[in-house]
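What follows is the residue order along each chain.
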Amino acid sequence: MELISSITEMARITANWRNADLQVGLAPTMGYLHEGHLSLTNRAKMENDKVVASIFVNPLQFGPKEDFSRYPRDLEKDLMLLESAGVDAVFHPTSQEMYPENFNASVEVLGITDVLEGAQRPGHFKGVTTVVAKLFNIVSPHRAYFGQKDAQQVAVIKKMVRDLNFPLEIIICPTLREADGLAMSSRNVYLNADERKAATVLYHALATAKAAFENGSRQGNALRKIMDAVISSEPLAKTDYVSAANPENLREYDGLIPTGYGVLLSMAVRFGSTRLIDNFQL
Ligand code: PAF
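Residues numbered from 1 in each chain as written. Predicted model: local features only at pLDDT ≥ 70, side-chain atom pairs only at ≥ 80, totals over all residues. Heavy atoms only, no water.

K.L.:
I'd like a description of the overall build of the chain, backed by residues and values.
P.N.:
When its secondary structure is counted, the chain shows ten helices and nine strands. For the chain, the C-alpha radius of gyration of 19 Å lies close to 19 Å, the compact-globule estimate for 282 residues. The principal-axis extents of the C-alpha atoms in the chain amount to approximately 55 × 40 × 40 Å. Across the 282 residues that make up the chain, the buried fraction comes to 53%. Within the chain, contacts between residues separated by at least 24 positions form 73% of all contacts whose residues are at least 6 apart in sequence. When the accessible surface of the chain is totalled, it reaches about 13400 Å², and 50% of it is carbon and sulfur. The averaged location of the 33 negative side-chain charges in the chain is 4 Å from the averaged location of its 29 positive side-chain charges. (Helix = DSSP H or I, 4+ residues; strand = E, 2+ residues; numbered from the N terminus. Rg over C-alpha atoms; globule rule 2.2 N^0.38 Å. Buried < 20%, exposed > 50% of the residue type's maximum accessible area, 1.4 Å probe, protein only. Contact = heavy atoms within 4.5 Å. Areas by Shrake-Rupley, 256 points an atom, 1.4 Å probe, with all protein chains shown as cover. Lys, Arg positive; Asp, Glu negative; His and termini not counted. Charge placed at Lys NZ, Arg CZ, Asp CG, Glu CD.)

K.L.:
Please set out the pattern of salt bridges residue by residue, giving values where relevant.
P.N.:
Under the counting rule described, the total for this entry stands at 15 salt bridges. The partner of Glu66 in a salt bridge is Arg121, and the shortest N-O contact between them spans 2.6 Å. Here Glu66, found in the loop between strand E3 (50-55) and helix H3 (75-84), pairs with Arg121, found in the loop between helix H5 (116-120) and helix H6 (124-139); they are 55 residues apart in sequence, far enough to count as distant. According to the relative accessible area criterion, Glu66 is partly exposed, its value standing at 28%. Take Arg121: its relative accessible area is 10%, and that puts it in the buried class. Where salt bridges share partners, they join Glu117, Asp240, Arg270 and Arg275 into one cluster. (Salt bridge = Lys/Arg side-chain N within 4 Å of Asp/Glu carboxyl O.)

K.L.:
Account for the site of the ligand, with residues named and values stated.
P.N.:
In the vicinity of the ligand, the residues found are Pro28, Thr29, Met30, Asn58, Gln61, Val131, Phe146, Asp150 and Gln153. Separating an oxygen atom of the ligand from a side-chain N or O atom of Gln61 is a distance of 2.6 Å. Gln153 places a polar side-chain atom, nitrogen or oxygen, 2.7 Å from an oxygen atom of the ligand. Bound to the protein, the ligand loses 89% of the 290 Å² it would expose on its own. (Near = heavy atom within 4 Å. Polar contact = N/O pair within 3.5 Å; in protein donor to acceptor, adjacent residues only side chain to side chain.)

K.L.:
Go over the packing of aromatic side chains, please, and point to the residues and values.
P.N.:
Going through the model one piece at a time under the given rule, you end up with seven aromatic pairs. Ring geometry for Phe62 versus Phe68: centroids 5.4 Å apart, planes at 65°, classification edge-to-face. Classification of Phe62 by relative accessible area gives buried; the value is 10%. The class for Phe68 is partly exposed, based on a relative accessible area of 27%. Judged by centre distance (6.4 Å) and plane angle (75°), the ring pair of Phe136 and Phe146 falls under edge-to-face. Note that Phe136 is positioned in helix H6 and Phe146 in strand E5 (residues 143-147), a separation of ten residues in sequence. Neither residue differs from the other here; Phe136 and Phe146 are each classed as buried. The ring of Phe213 is capped by Arg218, whose NZ or CZ atom sits 4.0 Å from the centre of that ring. (Phe/Tyr/Trp six-rings, centres within 6.5 Å; stacked < 30°, edge-to-face > 60°. Lys NZ or Arg CZ within 6 Å of the ring centre and 35° of its normal.)

K.L.:
Quick one: what's the story with the side chain of Gln153, residue by residue and with numbers?
P.N.:
Mapped onto the elements of the fold, Gln153 is located in helix H7 (residues 151-164). The class of Gln153 is buried, set by a relative accessible area of 17%.

K.L.:
Please set out the environment of Val87 residue by residue, giving values where relevant.
P.N.:
Looking at the secondary structure, you find Val87 in the loop between H3 and strand E4 (89-91). Considered as a pair, Val87 and Thr14 are 73 residues apart in the sequence and their alpha carbons are 13 Å apart. Among residues more than four places away in sequence, those in contact with Val87 are Met1, Thr41, Val51, Ala53 and Leu82.

K.L.:
Kindly report on H7, identifying the contributing residues and their values.
P.N.:
Compared with the 20 Å implied by 1.5 Å per residue over 14 residues, the 20 Å span of H7 between its first and last C-alpha is a close match. Regarding H7, the residues found buried are Ala151, Gln152, Gln153, Val154, Ala155, Val156, Ile157, Met160 and Val161. Structurally, H7 contributes buried residues whose contacts are with H5, H6, E5, strand E6 (169-173), strand E8 (264-271) and strand E9 (274-281). Just past H7, the residue Asn165 takes up positive phi, approximately 55°. (Expected span 1.5 Å × (residues − 1).)

K.L.:
Outline the packing of H6 against H7, supporting the account with residue identities and numerical values.
P.N.:
Two numbers describe how H6 lies on H7: the axes approach to 10 Å, and their chain directions differ by 55°. In terms of their interaxial angle, H6 and H7 are classed as oblique. Note on packing geometry: the crossing formed by H6 with H7 is right-handed. On the side of H6, the interface is formed by Phe125, Val128, Thr129, Val132, Ala133 and Phe136, while H7 contributes Gln152, Gln153, Val156, Ile157, Met160 and Val161. (Axes fitted to C-alpha atoms, helices over the stretch in contact; angles between N-to-C directions. Parallel < 35°, antiparallel > 145°, perpendicular 65-115°, else oblique. Left-handed = near helix turned anticlockwise from the far one by under 90°.)

K.L.:
Residue-level account of the sheet that holds strand E7 (residues 237-245), with values.
P.N.:
Pairing is antiparallel across the open sheet formed by three strands, whose spatial order is E7-E8-E9. Each edge of the sheet is formed by a strand with only one pairing partner; in this case those strands are E7 and E9. In this sheet, neighbouring strand axes are inclined to one another by 15° on average, regardless of whether the strands run parallel or antiparallel. Of the strands in this sheet, E7 and E8 touch helix H10 (residues 220-232), which is tilted by about 160° from E7. (Pairing = 2+ DSSP bridges.)

Here is the structure:
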(Lines give C-alpha, C1' and ligand atoms only; values in the text may rest on other atoms or scores of the structure.)
Protein backbone atom coordinates (compact mmCIF):
# COMPACT_ATOMS: atom_id res chain seq x y z
CA MET A 1 0.00 0.00 0.00
CA GLU A 2 1.36 3.41 -0.94
CA LEU A 3 1.05 6.45 1.31
CA ILE A 4 0.93 9.61 -0.77
CA SER A 5 0.87 13.19 0.39
CA SER A 6 1.52 14.97 -2.91
CA ILE A 7 -1.38 15.90 -5.21
CA THR A 8 0.79 15.52 -8.34
CA GLU A 9 1.97 12.08 -7.27
CA MET A 10 -1.56 10.90 -6.43
CA ALA A 11 -2.89 12.14 -9.76
CA ARG A 12 0.02 10.49 -11.62
CA ILE A 13 -0.62 7.09 -10.01
CA THR A 14 -4.34 7.03 -10.72
CA ALA A 15 -3.79 8.33 -14.27
CA ASN A 16 -1.44 5.38 -14.85
CA TRP A 17 -4.06 2.98 -13.55
CA ARG A 18 -6.72 4.48 -15.78
CA ASN A 19 -4.38 4.29 -18.77
CA ALA A 20 -3.88 0.61 -18.02
CA ASP A 21 -7.68 0.24 -18.18
CA LEU A 22 -8.01 -0.38 -14.46
CA GLN A 23 -11.15 0.71 -12.61
CA VAL A 24 -10.50 3.00 -9.64
CA GLY A 25 -12.63 3.36 -6.50
CA LEU A 26 -12.22 6.17 -3.94
CA ALA A 27 -13.34 6.19 -0.29
CA PRO A 28 -12.93 9.73 1.09
CA THR A 29 -12.53 9.85 4.88
CA MET A 30 -11.33 12.11 7.67
CA GLY A 31 -9.57 9.18 9.33
CA TYR A 32 -10.00 7.69 12.82
CA LEU A 33 -11.47 4.77 10.93
CA HIS A 34 -14.13 2.37 12.14
CA GLU A 35 -15.96 -0.53 10.53
CA GLY A 36 -18.26 1.86 8.70
CA HIS A 37 -15.29 3.29 6.79
CA LEU A 38 -13.97 -0.20 6.12
CA SER A 39 -17.33 -1.19 4.66
CA LEU A 40 -16.73 1.56 2.07
CA THR A 41 -13.26 0.30 1.12
CA ASN A 42 -14.51 -3.32 1.09
CA ARG A 43 -17.31 -2.46 -1.29
CA ALA A 44 -14.86 -0.42 -3.39
CA LYS A 45 -12.57 -3.43 -3.55
CA MET A 46 -15.36 -5.65 -4.86
CA GLU A 47 -16.27 -3.20 -7.60
CA ASN A 48 -12.88 -1.85 -8.74
CA ASP A 49 -9.36 -3.00 -9.64
CA LYS A 50 -7.68 -0.36 -7.49
CA VAL A 51 -8.86 1.36 -4.31
CA VAL A 52 -7.73 4.70 -2.94
CA ALA A 53 -8.73 5.87 0.55
CA SER A 54 -8.16 9.50 1.45
CA ILE A 55 -7.52 10.66 4.99
CA PHE A 56 -7.85 14.39 5.38
CA VAL A 57 -9.45 16.31 8.24
CA ASN A 58 -10.78 19.10 6.08
CA PRO A 59 -10.57 22.43 7.91
CA LEU A 60 -13.01 24.08 5.46
CA GLN A 61 -15.98 22.04 6.68
CA PHE A 62 -15.62 22.91 10.37
CA GLY A 63 -17.15 26.06 11.82
CA PRO A 64 -15.02 28.34 14.04
CA LYS A 65 -16.64 26.90 17.19
CA GLU A 66 -16.55 23.28 16.02
CA ASP A 67 -14.21 20.40 16.81
CA PHE A 68 -11.54 20.71 14.07
CA SER A 69 -8.55 20.86 16.40
CA ARG A 70 -9.78 18.10 18.70
CA TYR A 71 -11.18 15.87 15.93
CA PRO A 72 -9.73 12.41 16.73
CA ARG A 73 -6.71 11.32 14.69
CA ASP A 74 -4.74 8.05 14.63
CA LEU A 75 -2.87 7.76 11.36
CA GLU A 76 -0.81 4.74 12.35
CA LYS A 77 -3.85 2.65 13.24
CA ASP A 78 -5.74 3.88 10.16
CA LEU A 79 -2.89 2.79 7.89
CA MET A 80 -2.80 -0.64 9.52
CA LEU A 81 -6.55 -1.07 9.01
CA LEU A 82 -6.42 0.08 5.39
CA GLU A 83 -3.44 -2.14 4.63
CA SER A 84 -5.31 -5.20 5.99
CA ALA A 85 -8.39 -4.15 4.03
CA GLY A 86 -6.31 -4.40 0.84
CA VAL A 87 -6.41 -0.71 -0.07
CA ASP A 88 -3.85 0.13 -2.77
CA ALA A 89 -3.09 3.75 -1.94
CA VAL A 90 -3.81 6.20 0.85
CA PHE A 91 -3.94 9.88 -0.02
CA HIS A 92 -3.04 11.89 3.06
CA PRO A 93 -2.23 15.48 2.08
CA THR A 94 -1.44 18.33 4.44
CA SER A 95 -3.77 21.34 4.64
CA GLN A 96 -1.01 23.35 2.98
CA GLU A 97 -0.98 20.91 0.04
CA MET A 98 -4.76 21.11 -0.40
CA TYR A 99 -5.15 24.82 0.36
CA PRO A 100 -1.94 26.67 -0.46
CA GLU A 101 -1.64 30.35 0.27
CA ASN A 102 -3.44 31.67 -2.80
CA PHE A 103 -6.20 29.07 -2.79
CA ASN A 104 -9.34 31.02 -3.51
CA ALA A 105 -12.03 28.84 -5.07
CA SER A 106 -15.01 26.91 -3.81
CA VAL A 107 -17.76 24.62 -4.99
CA GLU A 108 -21.21 25.20 -3.57
CA VAL A 109 -24.51 23.42 -4.02
CA LEU A 110 -27.52 25.62 -3.29
CA GLY A 111 -31.12 24.74 -2.44
CA ILE A 112 -30.57 21.73 -0.22
CA THR A 113 -27.69 23.02 1.90
CA ASP A 114 -29.55 25.60 4.00
CA VAL A 115 -31.71 23.11 5.93
CA LEU A 116 -30.97 20.43 8.57
CA GLU A 117 -27.18 20.17 9.05
CA GLY A 118 -26.66 23.16 6.77
CA ALA A 119 -28.93 25.36 8.90
CA GLN A 120 -27.04 24.39 12.07
CA ARG A 121 -23.59 24.44 10.52
CA PRO A 122 -23.31 27.39 8.10
CA GLY A 123 -20.60 26.84 5.47
CA HIS A 124 -20.23 23.14 6.32
CA PHE A 125 -21.45 21.78 3.00
CA LYS A 126 -19.51 24.35 0.99
CA GLY A 127 -16.41 22.96 2.72
CA VAL A 128 -17.48 19.40 1.97
CA THR A 129 -18.25 19.97 -1.71
CA THR A 130 -15.06 21.95 -2.21
CA VAL A 131 -12.82 19.22 -0.79
CA VAL A 132 -14.76 16.39 -2.45
CA ALA A 133 -14.57 18.15 -5.83
CA LYS A 134 -10.81 18.49 -5.34
CA LEU A 135 -10.48 14.81 -4.39
CA PHE A 136 -12.50 13.78 -7.45
CA ASN A 137 -10.25 15.87 -9.69
CA ILE A 138 -7.04 14.59 -8.08
CA VAL A 139 -7.94 10.89 -7.94
CA SER A 140 -10.29 10.69 -10.98
CA PRO A 141 -12.08 7.63 -9.63
CA HIS A 142 -14.68 5.66 -11.59
CA ARG A 143 -16.66 5.28 -8.38
CA ALA A 144 -16.69 7.08 -5.02
CA TYR A 145 -18.09 5.58 -1.82
CA PHE A 146 -19.94 7.43 0.96
CA GLY A 147 -21.91 6.33 4.02
CA GLN A 148 -25.67 6.79 4.36
CA LYS A 149 -24.99 7.93 7.96
CA ASP A 150 -24.41 11.42 6.53
CA ALA A 151 -27.67 11.49 4.59
CA GLN A 152 -27.61 15.18 3.68
CA GLN A 153 -23.96 14.99 2.64
CA VAL A 154 -24.93 12.15 0.31
CA ALA A 155 -27.78 14.20 -1.21
CA VAL A 156 -25.51 17.25 -1.63
CA ILE A 157 -22.64 15.31 -3.23
CA LYS A 158 -25.01 13.50 -5.60
CA LYS A 159 -26.44 16.86 -6.64
CA MET A 160 -22.96 18.33 -7.18
CA VAL A 161 -22.00 15.35 -9.36
CA ARG A 162 -25.22 15.64 -11.38
CA ASP A 163 -25.17 19.42 -11.74
CA LEU A 164 -21.45 19.71 -12.57
CA ASN A 165 -21.18 16.50 -14.64
CA PHE A 166 -18.43 14.81 -12.68
CA PRO A 167 -17.73 11.64 -14.71
CA LEU A 168 -18.07 9.13 -11.90
CA GLU A 169 -20.62 7.11 -9.99
CA ILE A 170 -21.55 7.77 -6.35
CA ILE A 171 -22.14 4.61 -4.32
CA ILE A 172 -23.93 4.87 -0.96
CA CYS A 173 -23.22 2.25 1.70
CA PRO A 174 -25.56 1.48 4.63
CA THR A 175 -24.90 2.84 8.12
CA LEU A 176 -23.09 0.38 10.37
CA ARG A 177 -24.27 0.22 13.98
CA GLU A 178 -22.97 -0.96 17.32
CA ALA A 179 -24.83 -3.91 18.92
CA ASP A 180 -27.16 -1.49 20.79
CA GLY A 181 -28.06 0.46 17.65
CA LEU A 182 -25.73 3.48 17.97
CA ALA A 183 -24.51 4.47 14.49
CA MET A 184 -20.74 4.11 14.17
CA SER A 185 -19.03 7.50 14.11
CA SER A 186 -15.53 8.76 14.81
CA ARG A 187 -17.16 11.27 17.19
CA ASN A 188 -18.55 8.51 19.47
CA VAL A 189 -15.12 8.54 21.15
CA TYR A 190 -16.03 11.92 22.73
CA LEU A 191 -18.86 10.36 24.79
CA ASN A 192 -18.32 9.52 28.46
CA ALA A 193 -19.84 6.27 29.80
CA ASP A 194 -23.22 7.82 30.72
CA GLU A 195 -23.48 9.73 27.46
CA ARG A 196 -22.57 6.60 25.51
CA LYS A 197 -25.51 4.77 27.12
CA ALA A 198 -27.82 7.71 26.52
CA ALA A 199 -26.74 7.99 22.87
CA THR A 200 -28.80 4.94 21.88
CA VAL A 201 -31.78 7.30 22.11
CA LEU A 202 -31.17 8.38 18.48
CA TYR A 203 -31.65 4.83 17.26
CA HIS A 204 -34.68 4.32 19.51
CA ALA A 205 -36.32 7.53 18.31
CA LEU A 206 -35.79 6.54 14.67
CA ALA A 207 -36.99 2.97 15.27
CA THR A 208 -40.12 4.20 17.07
CA ALA A 209 -40.98 6.60 14.23
CA LYS A 210 -40.31 3.87 11.66
CA ALA A 211 -42.69 1.50 13.46
CA ALA A 212 -45.34 4.23 13.57
CA PHE A 213 -44.85 4.91 9.85
CA GLU A 214 -45.21 1.22 9.07
CA ASN A 215 -48.38 1.12 11.16
CA GLY A 216 -49.92 3.84 9.03
CA SER A 217 -48.73 7.10 10.65
CA ARG A 218 -48.03 9.08 7.47
CA GLN A 219 -48.00 12.69 8.75
CA GLY A 220 -44.65 14.46 8.81
CA ASN A 221 -45.63 16.40 11.97
CA ALA A 222 -46.65 13.25 13.80
CA LEU A 223 -43.37 11.48 12.98
CA ARG A 224 -41.33 14.47 14.21
CA LYS A 225 -43.37 14.57 17.42
CA ILE A 226 -42.72 10.88 18.05
CA MET A 227 -38.95 11.31 17.62
CA ASP A 228 -38.94 14.44 19.79
CA ALA A 229 -40.80 12.67 22.58
CA VAL A 230 -38.37 9.73 22.63
CA ILE A 231 -35.34 12.05 22.71
CA SER A 232 -36.90 14.22 25.43
CA SER A 233 -37.27 11.12 27.61
CA GLU A 234 -33.45 10.96 27.85
CA PRO A 235 -32.20 13.59 30.34
CA LEU A 236 -28.66 13.76 28.87
CA ALA A 237 -29.91 14.37 25.32
CA LYS A 238 -30.63 17.81 23.82
CA THR A 239 -32.31 17.90 20.43
CA ASP A 240 -30.79 20.15 17.74
CA TYR A 241 -33.44 19.13 15.22
CA VAL A 242 -35.65 16.24 14.19
CA SER A 243 -36.83 15.97 10.62
CA ALA A 244 -39.21 13.97 8.43
CA ALA A 245 -38.35 15.20 4.96
CA ASN A 246 -38.47 14.35 1.28
CA PRO A 247 -35.19 12.44 0.69
CA GLU A 248 -34.50 14.22 -2.64
CA ASN A 249 -35.09 17.91 -1.89
CA LEU A 250 -34.93 17.61 1.94
CA ARG A 251 -38.11 19.69 2.38
CA GLU A 252 -40.05 18.88 5.53
CA TYR A 253 -43.29 17.03 5.08
CA ASP A 254 -45.89 18.98 7.01
CA GLY A 255 -49.05 17.07 6.32
CA LEU A 256 -49.57 13.70 4.70
CA ILE A 257 -46.57 12.03 3.04
CA PRO A 258 -47.87 11.24 -0.46
CA THR A 259 -48.14 7.53 -1.31
CA GLY A 260 -45.13 6.31 -3.26
CA TYR A 261 -42.81 8.96 -1.79
CA GLY A 262 -40.01 8.06 0.60
CA VAL A 263 -39.27 9.87 3.84
CA LEU A 264 -35.91 10.65 5.37
CA LEU A 265 -36.14 10.64 9.16
CA SER A 266 -33.09 12.43 10.54
CA MET A 267 -31.88 14.16 13.67
CA ALA A 268 -29.00 15.86 15.42
CA VAL A 269 -28.74 15.46 19.18
CA ARG A 270 -26.24 16.84 21.69
CA PHE A 271 -24.77 15.03 24.67
CA GLY A 272 -22.71 17.57 26.55
CA SER A 273 -20.38 19.05 23.92
CA THR A 274 -20.78 16.09 21.54
CA ARG A 275 -23.17 16.36 18.64
CA LEU A 276 -24.38 13.16 16.97
CA ILE A 277 -26.50 12.66 13.86
CA ASP A 278 -28.41 9.66 12.56
CA ASN A 279 -31.12 8.85 10.05
CA PHE A 280 -33.37 6.18 8.57
CA GLN A 281 -34.56 6.37 5.02
CA LEU A 282 -37.99 4.76 4.62
O1 PAF B 1 -17.80 12.23 5.54
C2 PAF B 1 -16.66 12.67 5.76
O3 PAF B 1 -15.85 12.08 6.48
C4 PAF B 1 -16.23 13.99 5.13
O5 PAF B 1 -17.27 14.89 5.12
C6 PAF B 1 -15.62 13.82 3.72
C7 PAF B 1 -16.65 13.28 2.74
C8 PAF B 1 -14.43 12.88 3.79
C9 PAF B 1 -15.15 15.18 3.20
O10 PAF B 1 -14.20 15.74 4.03
